[in-house]
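Coordinate analysis (summary)
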Amino acid sequence: MTEKDISDSRLIQLLQGEEDTARGALTMLYLRYAPRVRELAQCILHDSDEALDVAHDVFMAVWQHRSVLEGVVSPSAYLFRMTRNAVLNRLKHRRIVDDYASQPFDTISPYDPAATFSTREMAAMIRAAIAGMPPLRRKIFLMSRSCGMTYQQIAEAVGVSHKTVQYHIGIALKELRKVLSALMLFI
């Protein structure tokens, strides 16, 4: 019997059997779905190494929780949900690390929790607005603001015209102004 001859539901049954049989079933499930899991994680995280880690974490969780997989009807949907949750956890962790790393310690009083909260929220909203930009616009904007590159340097590095760089930065700033004006309503 080959890997393709065994149905997904049968693999779930085999995962709950003896350890040797379960290992073989996990291997078949991994070979069948790992590329899709990795691809989904890669699409969201934009980091192939982290996507590979997510794929391994997902299948490790399948192994660790194989005894409770009895009710799983669709392994592909189950793995999709596990991948989605693992990616969301990674993004949440990234945001926490970024918030901590970017927090200026000398500008926020440790005795004013309201100021700390509003500053963190504002920084998170700005980062979310930048992350929501189209990839080229985000790249151009970050090269300008984070790296301090000139429009001409960006144009040469990205392979677009000076006017295209100018256009994307203008639109990015317009988007950020909208976010900031909306945030000002809450401060």
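Below or above, wherever it landed, is the structure these notes cover. Computed from a prediction, not measured in an experiment: that's the story for all the values here.

1. Describing the pattern of salt bridges
On inspection of all chains with the given rule, the structure shows 6 salt bridges. Across the pair arginine 23 and glutamate 19 runs a salt bridge, and its minimum N-O distance is 2.4 Å. With a gap of 4 residues between them, arginine 23 and glutamate 19 both fall in helix 2 (residues 19-45), about one helical turn apart. Given a relative accessible area of 41%, glutamate 19 falls into the partly exposed group. Note that arginine 94 and glutamate 50 form a salt bridge whose closest N and O atoms lie 2.5 Å from each other. Placement of the pair is arginine 94 in helix 4 (residues 75-102) and glutamate 50 in helix 3 (residues 48-64), with a sequence separation of 44 residues. Judged by its relative accessible area of 14%, glutamate 50 falls in the buried class. In this structure, a network of salt bridges that share partners links the residues Glu50, Asp57, Arg90 and Arg94.

2. Structural notes on the packing of helix 2 against helix 3
For the pair helix 2 and helix 3, interaxial distance at closest approach is 8 Å and the crossing angle is 145°. In this structure, helix 2 crosses over helix 3, and the sense of that crossing is right-handed. Counted by class, the contact of helix 2 with helix 3 contains 17 nonpolar, 3 polar and 4 charged residues.

3. Re the packing of aromatic side chains
This structure, assessed with the given rule, holds 1 aromatic pair. Both rings, one in tyrosine 30 and one in phenylalanine 59, keep their centres 5.0 Å apart while their planes meet at 70°; by these two values the pair is edge-to-face. Of the two residues, tyrosine 30 is situated in helix 2 and phenylalanine 59 in helix 3; the sequence distance between them amounts to 29 residues. Judged by its relative accessible area of 26%, tyrosine 30 falls in the partly exposed class. Positioned above the aromatic ring of tryptophan 63, the side-chain terminus of arginine 66 is 3.7 Å from the ring centre.

4. Looking at the nonpolar core
Counting 28 residues, the largest nonpolar core has Leu15, Leu29, Val54, Val58, Phe59, Val62 and Leu79 as its most contacted members. The set of elements that each furnish at least two residues to this core consists of helix 1 (8-15), helix 2, helix 3 and helix 4. In terms of residue count, the dominant contributor to this core is helix 2 (9 residues). In contact with leucine 79, other than residues within four places in its own chain, are Leu29, Tyr33, Val37, Val58, Phe59 and Val62. Formed by 7 residues, the second largest nonpolar core is a distinct cluster that contains Met133, Phe141, Ala172 and Val179.

5. Some remarks on the environment of glutamine 166
Looking at the secondary structure, you find glutamine 166 in helix 8 (residues 162-184). Among the residues examined, glutamine 166 registers a relative accessible area of 36% and is labelled partly exposed.

6. Some remarks on helix 3
Here helix 3 spans 24 Å end to end across 17 residues, near enough to the 24 Å set by a 1.5 Å rise per residue. Within helix 3, burial applies to Glu50, Ala51, Val54, Ala55, Val58, Phe59, Ala61, Val62 and Trp63. The N-terminus of helix 3 is capped by aspartate 47, whose side-chain oxygen sits 3.0 Å from the backbone nitrogen of aspartate 49.

What counts, and at which threshold
- Residues numbered from 1 in each chain as written.
- Predicted model: local features only at pLDDT ≥ 70, side-chain atom pairs only at ≥ 80, totals over all residues.
- Heavy atoms only, no water.
- Salt bridge = Lys/Arg side-chain N within 4 Å of Asp/Glu carboxyl O.
- Helix = DSSP H or I, 4+ residues; strand = E, 2+ residues; numbered from the N terminus.
- Buried < 20%, exposed > 50% of the residue type's maximum accessible area, 1.4 Å probe, protein only.
- Axes fitted to C-alpha atoms, helices over the stretch in contact; angles between N-to-C directions.
- Left-handed = near helix turned anticlockwise from the far one by under 90°.
- Nonpolar A, V, L, I, M, F, W, Y, C, P; charged D, E, K, R; others polar.
- Phe/Tyr/Trp six-rings, centres within 6.5 Å; stacked < 30°, edge-to-face > 60°.
- Lys NZ or Arg CZ within 6 Å of the ring centre and 35° of its normal.
- Core = buried A, V, L, I, M, F, W, Y, C linked by side-chain atoms within 4.5 Å.
- Contact = heavy atoms within 4.5 Å.
- Expected span 1.5 Å × (residues − 1).
- Polar contact = N/O pair within 3.5 Å; in protein donor to acceptor, adjacent residues only side chain to side chain.

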